[in-house]
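Chains, contacts and geometry: an overview
Spelled out from the first residue to the last, the chains are:
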Amino acid sequence: MGPRGVESVPWLLLMESTVDGRKPGQKCTFSPSARGGVEESSMKASGAGGRAAEGREGGGPVGAGRRAGGRAAQPPVPFAPPVRLADLLASEGLGLRLVAGGPGADLHGVHTSEMADPFPYLLGGELLLTAGVPFQLGQTGPERFVARVAEAGAAALGFGVTPVYDTVPDALVAACERHGLPLVEVEPGTPFAAVARAVWRLMTEARHHELRRVADGQRALAAAAARPDPVPAVLHAVAVRLEGRAVLYTPEGGEYAADGRELTPDEDAALTRLVRRVAGAARRPSSAADSTGGTRLVAYGLGTGRGLTLGLATARRDEAVQRIAETAMVLLSLLTAPHQGADEATRSAALVRLLLGAAPEDVAPLLGEAPWTVVHARGGGPGAPPPALGSPLVDAAADGTVRALLPAGREPAPYPGWSLGASGPAAPGDLAAADAQAARALRRAEAAHTGLVRHRTGGFAALVDAEEAAAHARALLAPLAQAPALPETLRVWLSLHGSWDRTAAALGVHRNTVRQRIARCAALLDADLDDPETRMELWFALRWG
């Protein structure tokens, strides 16, 4: 049956106007009197869950015309893995039917449009949904429309049956077949928003699956690294997870260790070229990647100083594969580092556990006994070696600050030419707070030109630098300086919780005098003395001033 007439309907409901599905019978809203066409709307996979309407045909969206020369856009890198069209077709309750093309397309998002030419609004990889309004109004034909959609790089076209057309037009089916664009029929009563929700749900499920794969892969690699023969065990674990081959190459290009399926001659030659390129790089670590015959090839230079290179071959290209490969590269770099003594090996083991998600409380016992002391040091002049603080756990920052972790039993001592700030004793889970304590103590040491300052305990006041607090108090209370009776009256009044009678008795004045002085303080300070935060700040200022 042909298209339904729209001349007698002042407002034809065509575009889904609510994302939450409160109007399930509507696909979009359109006015046949609007000359510029109807508004574009889309739901792209993103952290916010969707993208707002992009604009009208007359003005064009932000970023329109980004495909110079009419070349099809490449699908953007998705927030989540793409959804297979076949999985969307299998979703229950949508009533989707494939009428042209195959179900193997990857969907990176969903876009709804009744524009005669949606090309400027597409990024590539979308399932484009339409009810065929441009065909019915004679703005364009199926052949031209499909050609532009395919040129924009859309993954598939969805056609909503009713209220404009009772069936999918044969000309549209033929055009999609010619251009290799899958065509999906959306049955009456299925809002386009429901299709977009289904795509987003499938993307979320795929993302969770990817994260589980990464976590399982990292656990397997951690277990392999703890074996007596860790290097072959890690190579075996990564080869299994990548469903391919993992090879550790010597600087000369020979195989140091390997595991997984055998490579074809073409794959082996391509991977060897990548390894040579990485091995010859002036700066390590580095990496290079290539593809041959559907196999992804990657080479990672290990930053161990021994010139070893990790080569990987896999048919999988998802994000989980990349994360697992990068974890294997870090582990093998640590495991193959030369000349590790017992202490270095212990620190490497602690680093590996931290990288794989262990809590500081679980790793700290490998490095020393609690409680810990954090020390910040600065001084010594340009190029001076860091001070000997009695611990190998030292970090020298670019600004000249040296931070050190001292386990139980090691106390910091002044070091000639350096200013030191030390935290209080801290458990492994409180090291971040101890780091802040050491930073404040170092500032006090530099201000007082003292070799070593330790963190003071004693409530919130101990967290404030005395000189800075005094300067702030003088500035805050400056309006009261001309009348010495005002600061004292304010201090007593605050200490007595705002009691007029008790303040008057303590000062030996009439209660009306107290009221007048407090009112004068509020006016001079331009402050609301009924506000507890204002009272608190003034109390600290009076204490430090």
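The structure displayed is predicted, hence computed values, not measured ones.

1. Quick word on the overall build of the protein
Scanning the protein from N- to C-terminus turns up 16 helices and 21 strands. In the protein, which comprises 545 residues, the proportion classed as buried is 42%. Long-range pairs, those at least 24 residues apart, make up 61% of the contacts in the protein between residues at least 6 apart in sequence. Carbon and sulfur atoms make up 54% of the accessible area of the protein, which amounts to about 27,300 Å² in all.

2. Some details on the packing of aromatic side chains
Taken as a whole and assessed by the stated rule, the structure comprises three aromatic pairs. Ring centres of Phe135 and Phe145 lie 5.3 Å apart, and the angle between their planes is 90 degrees; this geometry places the pair in the edge-to-face category. Taken together, the residues span a long stretch of sequence, with Phe135 in helix α2 (residues 133-136) and Phe145 in helix α3 (residues 142-151) at a distance of ten residues. Take Phe135 and Phe145: they sit in the same class, and that class is buried. Centre to centre, the rings of Trp493 and Trp500 are 5.5 Å apart; their planes meet at 35 degrees, and the pair counts as tilted. Among the residues examined, Trp500 registers a relative accessible area of 23% and is labelled partly exposed.

3. Here we look at the confidence of the model for the protein
For any part of a model where pLDDT is low, the fine detail of the predicted coordinates should not be relied upon. When pLDDT is averaged along the protein, the result is 79; 79% of the residues meet or exceed 70. Across the protein, the secondary-structure element scoring lowest on mean pLDDT is strand β4 (residues 51-55), at 32, and the one scoring highest is strand β11 (residues 183-186), at 96. Overall, residues 1-79 carries pLDDT values under 50, and its contacts beyond four positions in sequence, including any with other chains, amount to 173 contacts.

4. A short note on the packing of helix α6 (residues 230-242) against helix α8 (residues 319-335)
At a minimum axis distance of 10 Å, the contact between α6 and α8 shows a crossing angle of 175 degrees. Relative to α8, the element α6 is oriented roughly antiparallel. Of the residues in α8, those in contact with Pro230, Val231, Val234, Leu235, Val238, Arg241 and Leu242 of α6 are Val321, Ile324, Ala328, Leu332 and Leu335. Partitioning the contact of α6 with α8 into residue classes produces eleven nonpolar, no polar and one charged.

5. A closer look at a nonpolar patch on the surface
A surface patch of nonpolar side chains, about 230 Å² in accessible area, is lined by Val330, Leu351 and Leu355. Tracing the backbone through its elements, the reader meets Val330 in helix α8. Judged by relative accessible area, Val330 falls into the partly exposed class, the value being 31%.

6. Some words on the environment of Ala225
Tracing the backbone shows Ala225 in helix α5 (residues 192-225). Of the residues examined, Ala225 reaches a relative accessible area of 18% and is grouped as buried. A C-alpha to C-alpha distance of 9.5 Å links Ala225 and Ala328, two positions 103 residues apart in sequence. Leaving out residues up to four positions away in the same chain, Ala225 has contacts with Pro230, Val234, Leu331 and Leu335.

What counts, and where the lines are drawn
- Residues numbered from 1 in each chain as written.
- Predicted model: local features only at pLDDT ≥ 70, side-chain atom pairs only at ≥ 80, totals over all residues.
- Heavy atoms only, no water.
- Helix = DSSP H or I, 4+ residues; strand = E, 2+ residues; numbered from the N terminus.
- Buried < 20%, exposed > 50% of the residue type's maximum accessible area, 1.4 Å probe, protein only.
- Contact = heavy atoms within 4.5 Å.
- Areas by Shrake-Rupley, 256 points an atom, 1.4 Å probe, with all protein chains shown as cover.
- Phe/Tyr/Trp six-rings, centres within 6.5 Å; stacked < 30°, edge-to-face > 60°.
- pLDDT = per-residue confidence, 0-100.
- Axes fitted to C-alpha atoms, helices over the stretch in contact; angles between N-to-C directions.
- Parallel < 35°, antiparallel > 145°, perpendicular 65-115°, else oblique.
- Nonpolar A, V, L, I, M, F, W, Y, C, P; charged D, E, K, R; others polar.
- Patch = residues over 30% accessible without salt bridge, like charges linked within 9 Å, V, L, I, M, F, W, Y side chains within 5 Å.
- Salt bridge = Lys/Arg side-chain N within 4 Å of Asp/Glu carboxyl O.

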